[in-house]
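Listed below are the residues making up each chain.
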Amino acid sequence: MKKLLAIIAAAGGLLGAMTFSSCQNDEESTWDKYREYREANDAWLLEMQARKNADGTPYYKTIVPSWNPDAFVLLHYFNDPQENADKLSPLYTSTVDVRYKLHLYDGTPVDSSDLVNRYGALGIYRTQLTSVIIGWPMALSQVHCGDSVEVIVPYGVGYGAQESGTILPYSNLRFNIRLVDIPFYELGSYQ
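These numbers come from a predicted model, not from an experiment.

A. Focus on the overall build of the protein chain. A tally of helices and strands in the protein chain yields three helices and nine strands. Of the regular secondary structure in the protein chain, the N- to C-terminal order runs α-α-β-β-β-β-β-β-β-α-β-β. The proportion of buried residues among the 191 residues of the protein chain is 38%. Within the protein chain, contacts between residues at least 6 apart in sequence are counted, and of these 71% link residues at least 24 apart.

B. Molecular detail of the nonpolar core. Val98, Trp136, Val151, Phe175 and Ile177 are the most contacted members of the largest nonpolar core, which totals 30 residues. Put simply, the parts of the chain that give this core at least two residues each are strand 2 (73-77), strand 3 (95-104), helix 3 (135-140), strand 8 (148-153) and strand 9 (173-184). Those residues in contact with valine 98 that lie beyond four places of it in its chain are Ser113, Gly123, Ile124, Tyr125, Trp136, Leu140, Ile177, Arg178, Leu179 and Val180. One finds Leu45, Met48, Tyr60 and Phe72 within the second-largest nonpolar core, a separate group that totals eight residues.

C. Main features of the pairing of strand 3. Of all ten residues in strand 3, eight are buried, a share of seventy percent or more. Of the pairings in the sheet, the one linking strand 3 to strand 7 (residues 125-128) comprises four bridges and is antiparallel in character. When the sheet's bridge partners are listed, valine 98 is paired in strand 7 with tyrosine 125. One ladder, built from nine bridges, connects strand 3 with strand 9; its direction is antiparallel. Bridge assignment links lysine 101 to a residue of strand 9, and that residue is asparagine 176. Bridge count between strand 3 and strand 4 (residues 109-112): three bridges; the pairing is antiparallel. Residue pairing in the sheet places leucine 102 in a bridge with aspartate 111 of strand 4. In this antiparallel pair of consecutive strands, strand 3 and strand 4, the connection spans four residues, and glycine 107 shows a positive phi of 95°.

D. Expanded view of the environment of histidine 144. Along the chain, histidine 144 falls in the loop between helix 3 and strand 8. Those residues within four positions of histidine 144 in sequence are excluded, and the remaining contacts are Asn84, Ala85, Lys87, Leu88, Ser89 and Leu179. Of note is the side chain of histidine 144, whose polar atom sits 3.2 Å from the side chain of serine 89.

E. Region of the structure containing the pattern of salt bridges. Tallying each qualifying case throughout the model produces five salt bridges. The closest approach of N and O atoms between glutamate 39 and arginine 35, which form a salt bridge, is 3.4 Å. Here glutamate 39 pairs with arginine 35, and both are found in helix 2 (residues 35-50), just four residues apart, close to one helical turn. With relative accessibility at 40%, the residue glutamate 39 sits in the partly exposed group. Here aspartate 114 and arginine 99 are joined by a salt bridge, their closest N and O atoms 2.8 Å apart. Of this pair, aspartate 114 sits in the loop between strand 4 and strand 5 (117-118) while arginine 99 sits in strand 3, and the two are 15 residues apart along the sequence. Judged by its relative accessible area of 35%, aspartate 114 falls in the partly exposed class. Take arginine 99: its relative accessible area is 34%, and that puts it in the partly exposed class. Sharing partners across several salt bridges, the network here consists of Arg99, Lys101 and Asp114.

Cut-offs applied
- Residues numbered from 1 in each chain as written.
- Predicted model: local features only at pLDDT ≥ 70, side-chain atom pairs only at ≥ 80, totals over all residues.
- Heavy atoms only, no water.
- Helix = DSSP H or I, 4+ residues; strand = E, 2+ residues; numbered from the N terminus.
- Buried < 20%, exposed > 50% of the residue type's maximum accessible area, 1.4 Å probe, protein only.
- Contact = heavy atoms within 4.5 Å.
- Core = buried A, V, L, I, M, F, W, Y, C linked by side-chain atoms within 4.5 Å.
- Pairing = 2+ DSSP bridges.
- Polar contact = N/O pair within 3.5 Å; in protein donor to acceptor, adjacent residues only side chain to side chain.
- Salt bridge = Lys/Arg side-chain N within 4 Å of Asp/Glu carboxyl O.

Just geometry here; none of it tells us what the structure is for.
Spelled out as structure tokens, the structure:
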């Protein structure tokens, strides 16, 4: 009986090790499969972080959330941010109306609010900030209604190692976003 229990325990341990090994291989294969693409995205992100205006000042402002000092997005205003400084900025639980265009690191267009017709307004995308990639609320919490910005979302606060439609794993994302309105400021929900 003791031998039988020892065999069962050994088989269970072997099965567990095989399962763990299998999970590791799947994870490693995604990492390895997209190595060149990931490295190209990483190099582009470093280039964007180093980008300067003509006067030598940083082109992008680095936004780091207080709750995760290792995460960041890059933000560039197309307008003077003082123009709209007296207007609302969304909370994490807000619902926002935006116009946006999404490109991959290499300029490939992926998505645009021009493709949607919601709430009777062509090109306006309404969403709760709690239901999108974490890079959006990180950036939009710094933006006021009426502002137009470019946001670079590193893959760690985007889709990460997951594929999402035509967006490959480890994709850094470049959004052009105009914050049109905050229809539900505190409630965060709409019907």
